[in-house]
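Listed below, chain by chain, are the residues.
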Amino acid sequence: MPLRTSWSEDNCPIARAADVLGDPWSLLVLREVFIGNNRFDGMKKELGVADNVLSERLRRLVGAGVLTAEPYSAGTRPRNEYRLTAAGTDALPVLHALTVWAQRHTQSPSDKLMRIICTTCGAESLSGAWCQTCGAELTVATTAWALPKSSDNLIELARAGAPPKAAS
C-alpha cells in the first residue's frame, strides 16, 4: 500500500517535484551522493536508516532519473554504486535553498553550521543559487560544502556521471 498519493501527473510543477524530492529520506540520500557516499552500506551507516527504507528511496530516485545505479562486484552478490544524473545535479540548488532556509529559521543543536563555499572565489555563500561575492553560479563544479561534523574540511561535490569516489 502506498504511503501517500502520487503527484507525478499533477499540473503543478511544485507537486511533481515534491513527488520525487519531497521525502526527507530522499533528500538525505541525495546529500550523501553529492558528497560522494554512493554505496548502500555507506549511506545506511551514515543515515542510520533501515534497509527497506533506503532500498525504496534509491529505487525511486533511480526510477525518477535522479540517480543511476552502476553495478559492481563485492563478495558474492552484485551491488550498485549510485551516481547523479543531470536531473540529480540540477537538484543542488534545492538542497542549497533548504540549507539556507533551515539555518535562518530553525535552531541548530550545535554552533557548527553547514557552509556552502564558492570554489571560484573561496567565499561562503548565503544564497543557494549564486555567490554574492563573485557572482558565480553555484554548481557541482563551483561548490564545496563544509558539513557540521567536519566543518574544517571542504567536501567537493560529486559530478553527474563522474566515477564515484572511494567506497566507504
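Placed above this text is the structure.
Below or above, wherever it landed, is the structure these notes cover. (Residues numbered from 1 in each chain as written. Predicted model: local features only at pLDDT ≥ 70, side-chain atom pairs only at ≥ 80, totals over all residues. Heavy atoms only, no water.)

### Side note on the packing of helix H2 (residues 24–34) against helix H6 (residues 92–105)
Point 1. One can describe the packing of H2 onto H6 by two numbers: an axis separation of 11 Å at closest approach and a directional angle of 110°. What the angle tells us is that H2 and H6 run roughly perpendicular. In terms of crossing hand, the pair formed by H2 and H6 is left-handed. Contact residues: Leu27, Leu30, Arg31 and Phe34 in H2; Leu92, Leu95 and Leu98 in H6.
Point 2. Partitioning the contact of H2 with H6 into residue classes produces 6 nonpolar, no polar and 1 charged. (Axes fitted to C-alpha atoms, helices over the stretch in contact; angles between N-to-C directions. Helix = DSSP H or I, 4+ residues; strand = E, 2+ residues; numbered from the N terminus. Parallel < 35°, antiparallel > 145°, perpendicular 65-115°, else oblique. Left-handed = near helix turned anticlockwise from the far one by under 90°. Contact = heavy atoms within 4.5 Å. Nonpolar A, V, L, I, M, F, W, Y, C, P; charged D, E, K, R; others polar.)

### Some thoughts on the packing of aromatic side chains
In this description, a pair of aromatic rings is defined by centroid distance and the angle of the planes.
Point 1. Overall, the coordinates contain 1 aromatic pair when judged by the stated rule.
Point 2. The lysine or arginine in question, arginine 39, covers the ring of tyrosine 72, its NZ or CZ lying 3.7 Å from the ring centre. (Phe/Tyr/Trp six-rings, centres within 6.5 Å; stacked < 30°, edge-to-face > 60°. Lys NZ or Arg CZ within 6 Å of the ring centre and 35° of its normal.)

### Considering the layout of surface pockets
By rolling a water-sized probe across the atoms, one finds the places where empty space is left.
Point 1. In this model, the largest pocket occupies a volume close to 620 Å³.
Point 2. Together, 23 residues line the largest pocket, and Arg31, Thr99, Gln103, Met114 and Pro148 are the ones closest to its centre.
Point 3. Taken together, the elements giving at least two residues each to the lining of the largest pocket come down to H2 and H6.
Point 4. If one sorts the elements of the lining of the largest pocket by residue count, H6 sits on top with 5 residues.
Point 5. For the lining of the largest pocket, the per-class residue count stands at 12 nonpolar, 6 polar and 5 charged. (1 Å grid on protein atoms, 1.4 Å probe; cavity = no way out; pocket = protein on both sides within 12 Å on 5 of 7 lines; lining within 4 Å. Points joined across faces, edges and corners; volume = space filled by probe spheres on them.)

### Describing the sheet that holds strand E4 (residues 124–125)
Point 1. Strand order in this open sheet of 4 strands is E4-E3-E5-E6, and the pairing throughout is antiparallel. The open sheet is flanked by E4 and strand E6 (155–156), the only strands paired with a single partner.
Point 2. For strand E3 (residues 115–118) and E4, the ladder comprises 2 bridges, and the chain directions are antiparallel. In the strand pairing of E4, isoleucine 116 is matched with serine 125. (Pairing = 2+ DSSP bridges.)

### Digging into the pattern of salt bridges
Point 1. Inspection of every chain in the model, using the stated rule, returns 6 salt bridges.
Point 2. Here glutamate 81 and arginine 39 are joined by a salt bridge, their closest N and O atoms 2.4 Å apart. You can see glutamate 81 sitting in strand E2 (residues 77–84) and its partner arginine 39 sitting in the loop between H2 and helix H3 (40–47), a full 42 residues away along the chain. (Salt bridge = Lys/Arg side-chain N within 4 Å of Asp/Glu carboxyl O.)

### Describing the environment of asparagine 37
Point 1. Examined against the element boundaries, asparagine 37 turns out to sit in the loop between H2 and H3.
Point 2. Taking relative accessible area as the criterion, asparagine 37 reaches 8% and is therefore assigned buried.
Point 3. As a C-alpha pair, asparagine 37 and glutamate 81 span 44 residues in sequence and 8.9 Å in three-dimensional space.
Point 4. A distance of 2.7 Å separates the side chain of asparagine 37 from the side chain of glutamate 32, its partner in a polar contact.
Point 5. Side-chain polar atoms of asparagine 37 contact the backbone oxygen of glycine 42, separated by 3.1 Å. (Buried < 20%, exposed > 50% of the residue type's maximum accessible area, 1.4 Å probe, protein only. Polar contact = N/O pair within 3.5 Å; in protein donor to acceptor, adjacent residues only side chain to side chain.)

### A look at the packing of H3 against helix H4 (residues 51–63)
Point 1. At a minimum axis separation of 11 Å, H3 and H4 run at an interaxial angle of 120°. Of the possible angle classes, the one that applies to H3 and H4 is oblique. Considering the relative orientation of H3 and H4, their crossing is right-handed. Between H3 and H4, the contacting residues are Phe40, Met43 and Lys44 on the first element and Asp51, Leu54, Ser55 and Leu58 on the second.
Point 2. Residue composition of the contact of H3 with H4, grouped by class: 4 nonpolar, 1 polar and 2 charged.

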